[in-house]
Each structure stands twice: as C-alpha cells, then as structure tokens.
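This is what each chain is made of:
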Amino acid sequence: MGYKSPTPIQEKSIPIILQGKDIIACAQTGTGKTASFVLPLIQLIISNKKEGVRALIISPTRELALQIDQQIEALAYFCNISSIAIYGGNDGIVWERQAKALRESVEIVTATPGRLLALLQSDSMNLKTIDYLVLDEADRMLDMGFSESLKSIFKYLPEQRQTIMFSATMAPNIRILAAKILKNHETVNIAISKPPASVLQRAYVLFETQKIKILLDILKNLDYTSIIIFASRKDTVKELSNTLHTAKLSVSMFSSELEQAEREEIMRNFKNKKIRILVGTDIISRGIDVDGISLVINYDVPQDPEDYVHRVGRTARAEKNGEAITFVNERDQYMFSQIEALIGIDITKSPIPEFIGSGPAYNPQKPVKTNTTNKLQAKFKHTRNI
C-alpha cells in the first residue's frame, strides 16, 4: 500500500496498543492516525481468533466511518478479517442488512453513535465479545453533542476491554472523558493544535461585501486543482454554491441535509477530481481524507480556534504542500487573533487586489459587539440578577 516507514504517531502509539494498554493519542490531522489503531487491532485479532465482534470503532460522521471501514478492508485484505460500517441516514433495507451482517458476525465494526445506539436498544447487536474499543475524533464527538449517547453505549460494553482514544486536540472535556473510561492509560501527544508546516497560511482582512469578489478572483487560478471552501452557516454554503455554479465553476455543496447516497457520490466525485470545488460547513473538517487538496478557503473565520486547525488540515496531507486562505472581516478579527495565538504564529495578511478597493484596518484588540452579543449579555445580566 506504499507504507515504507511509520509516521511519528504510528511509531509511538502502535507499540502501546500491541502491549494491550489503554491509550489517548493526539496528533495533527493527516498524520496517519487511522492506521495507528487499525494495524495493531488487526494484529491483535489474528493473534487470538475467537467468535463474535472483537473491535468497535466509534466515529462522529458517516463519511469518516465509511473511510475507516475502507481502510480496514485494504489493510486486512490478506488477514481473513471482516468488517462493516454502521451509520444512519439510510432506509429500512440498509438497516436490516446491517443487522443481518452483525448477526452473522464480523470482527470489526465501525459505527456512528446514533445508529449504534439504535441497534443496541433494538437488541440487534451484542457487544459482550468486544475486546477493543476505539473512539476516533473523540473531541469532535463531544462537540457534536454525542456525550449522552456515548454514556449509554458504554453500558453495553464489557468492563474488561482495551480502550483506545484518538483525538486531534486535548481539550478539557477530552481529559474528563479519558479519566472516566481509560484505565492506567498512556498518553501520546504529537504537535497538537498546529497545522502542518507544509501549509502556506495567509489571510485577507476585508469587509463582508468584498468576500465574494476576492473568492472569484482566487478561483481563476487554475493551479488550484482541488479546493474546499468552509462557511460557518448552511445558508452561506447554499448561497456560495449557487453563486459559483452561476459563474460556471465546477462546484458541489456538501451538507448534512443531503441523503447519504448523494453525500457519498459527491465525495467520490471530489476524490476522483470530477468536482474541483467543494463547499461545506465543519462537517467536512474532520477525518475526510482526500489526496491532493491544493487549497482550503475559510470564507468565514471558525468560531472555535481548534476548528481552524482541522479545516486547514484538509490540505498538505501525507507530507504534501498546500495552501490555506482565510477571509477576516472586521467582526471576526479578534477571533482570528485567538487562532494565531493558538498556533503560535502571525499569519501573513495579503493585500487586497486594487480593483476590489481597500479593506478595514487589522485591529483585533477587542471583540466587536454585535446585536447577538448584546442580547446574550443582557440575558446573562438579567439571569444573574434573578
């Protein structure tokens, strides 16, 4: 498969997992985390074959679950190990097919929390034979509100098991979860909270009304062959997609509102370079592994600095070079400065093209108050007085 030497996260985590120890491992996106747990799991399972589901991998999104399952199939091709991806958003036929596959026994199950819990509550799945539990993108699962679902799932698992957690960040909520479910665990940290050094990062400081003009100008550069544009709101994603489509650009919108079959087809076409531009929210910022993404554009500054790291991590994967451009309006300047503080660098502010006009000064000392901010502060003050 082209593996010649392990990445740092693989080199440090694989021996710990093979020793049967619990682990929480943190590393940048695009550093080979999936193989870090899939390879030792395969080795452990074929070294001690027995009936039933042996390993459960829980991931936050359908796309990531499918991607992990595909990598398992590739890595375990000659090992006589079967696997299945369990995820929602399908019809009753797919539900029955998933339940049937589980009854006939597979060694490794990769699942999203919602569909997994539904199968467990309907007695369509038995986890009593599980020896290995993996939580992939654990921080993202908690951000997406899966905390209660995870607690319910843990009740179906045997106490005696090896638990493996992978995350791109070591936020406080991750430490709390790790303390609850890991036993005498080891911790591996590899350059957390920084984009790969091979990403050229820059920003435009501009007014909101100037964004679309600069975007269209950037997209004229055909050297950018594969592009992801991130927006913070679904409405913005739709508007951008329509605008770029009208401009005769090869673009598709990626949204949680799409049917699963549509999402899979869009991602397949993007990977095969049939689509040049993908527009979406942070649903595609985690775990989606596409080779050769040359440019990431943050049309909106992410509200969580960690999300910036994940967005930018979609490019420059597997030691390749990439570029990330962020549009920073006057309202988002303070948030952008928090991103710079997190990653420890001052990101280059590129001059706005003359034909677009001048932008605002970059002065991120104080957050700009919006109507929403004022309402929230008033509500908090009222609650405090009560």
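The shown structure was predicted, so the numbers you read here are calculated from the model rather than taken from an experiment.

Participant: Please set out the overall build of the chain residue by residue, giving values where relevant.
Facilitator: Helix and strand content of the chain: 14 helices and 14 strands. Here the chain, with 386 residues, has 55% of them falling under the buried criterion. In the chain, the proportion of contacts linking residues at least 24 apart, taken out of those at least 6 apart, comes to 77%. Summed over all atoms, the accessible surface of the chain reaches about 18500 Å², with 51% contributed by carbon and sulfur.

Participant: Report on helix α11 (residues 260-271), specifying residues and quantitative values.
Facilitator: The terminal C-alpha atoms of α11 lie 17 Å apart, and with 12 residues this matches the ideal 16 Å at 1.5 Å per residue to within 8%. Along α11, the positions that sit buried rather than exposed are Q260, R263, I266, M267, N269 and F270. Elements in contact with the buried residues of α11: α3 (62-75), β9 (227-230), β10 (251-254) and β11 (277-280). Downstream of α11 by a residue or two, K273 has a phi angle that is positive, lying close to 65°.

Participant: Before we move on, can you summarise the sheet that holds β11 with the specific residues and values?
Facilitator: With parallel pairing, the 7 strands of this open sheet are ordered in space as β10-β11-β9-β12-β13-β8-β14. Since the sheet does not close on itself, it has two edges, and those belong to β10 and β14 (348-349), each with one partner. Two elements, β9 and β11, share 4 bridges in a ladder whose sense is parallel. Note that in β11 the partner of F230 across the bridge is G280. Contacts from helix α9 (residues 211-218) reach β8 (199-205), β9, β12 (295-298) and β13 (322-328) within the one sheet, and its direction differs from that of β13 by about 165°. Seen against the sheet, helix α12 (residues 305-312) touches β8, β9, β12 and β13 and runs at an angle of roughly 155° to β12.

Participant: Give a detailed account of the packing of α3 against α11, specifying residues and quantitative values.
Facilitator: Where α3 meets α11, the axes come as close as 11 Å, and the angle between the chain directions of the two elements is 60°. Comparing the axis directions of α3 and α11 gives the class oblique. Along this stretch, α3 crosses α11, giving a crossing that reads as right-handed. In this structure, α3 contributes R62, E63, L66 and Q67 to the contact, and α11 contributes Q260, R263, E264 and K271. Taken together, the residues of the contact of α3 with α11 break down into 1 nonpolar, 2 polar and 5 charged.

Participant: Help me get a handle on the sheet that holds strand β1 (residues 23-27), residues and values and all.
Facilitator: The strand order β3-β4-β2-β5-β6-β1-β7 describes an open sheet built from 7 strands, whose pairing is parallel. Every other strand in the sheet has two partners, leaving β3 (83-86) and β7 (186-190) as the edge strands with one partner each. Across the sheet, the mean angle separating the axes of adjacent strands is 15° when strand polarity is ignored. Sheet topology note: the β1/β7 ladder contains 5 bridges and is parallel. Bridging across to β7, A27 finds its partner in I190. This element, helix α2 (residues 33-47), spans β1, β2 (55-58), β4 (108-111), β5 (132-135) and β6 (162-167) of the sheet and lies at about 165° to β6.

Participant: Residue-level account of the pairing of β10, with values.
Facilitator: In this structure, β10 lies alongside β11, joined through 4 bridges in parallel fashion. Following the sheet pairing, S252 is matched in β11 by L278. Once the chain exits β10 it traverses α11 before rejoining the sheet at β11, and the crossover so formed is right-handed.

Participant: So what's going on with the environment of A99? Residues and values would help.
Facilitator: For A99, the position within the fold is in helix α4 (residues 92-103). Sequence separation of A99 and S124 is 25 residues, and the distance between their C-alpha atoms is 5.8 Å.

Participant: Got a sec to walk through the side chain of T61? Specific residues and values, please.
Facilitator: With respect to the secondary-structure elements, T61 resides in the loop between β2 and α3. Contacts of T61, omitting those with residues within four sequence positions, involve T112, M144 and I283.

Participant: Quick rundown of the nonpolar core? Include the residues and the values.
Facilitator: By size, the foremost hydrophobic cluster in this structure holds 37 residues, and its most contacted members are L56, I58, V109, M125, L135 and M165. Setting aside anything within four residues of it in sequence, one finds V109 in contact with V53, A55, L56, I57, I84, I86, L102 and M125. Judged by nonpolar contacts, the second largest core, of 27 residues, contains I17, V38, A76 and I108.

The rules behind these values
- Residues numbered from 1 in each chain as written.
- Predicted model: local features only at pLDDT ≥ 70, side-chain atom pairs only at ≥ 80, totals over all residues.
- Heavy atoms only, no water.
- Helix = DSSP H or I, 4+ residues; strand = E, 2+ residues; numbered from the N terminus.
- Buried < 20%, exposed > 50% of the residue type's maximum accessible area, 1.4 Å probe, protein only.
- Contact = heavy atoms within 4.5 Å.
- Areas by Shrake-Rupley, 256 points an atom, 1.4 Å probe, with all protein chains shown as cover.
- Expected span 1.5 Å × (residues − 1).
- Pairing = 2+ DSSP bridges.
- Axes fitted to C-alpha atoms, helices over the stretch in contact; angles between N-to-C directions.
- Parallel < 35°, antiparallel > 145°, perpendicular 65-115°, else oblique.
- Left-handed = near helix turned anticlockwise from the far one by under 90°.
- Nonpolar A, V, L, I, M, F, W, Y, C, P; charged D, E, K, R; others polar.
- Right-handed = clockwise from strand over helix to strand, strands pointing away.
- Core = buried A, V, L, I, M, F, W, Y, C linked by side-chain atoms within 4.5 Å.

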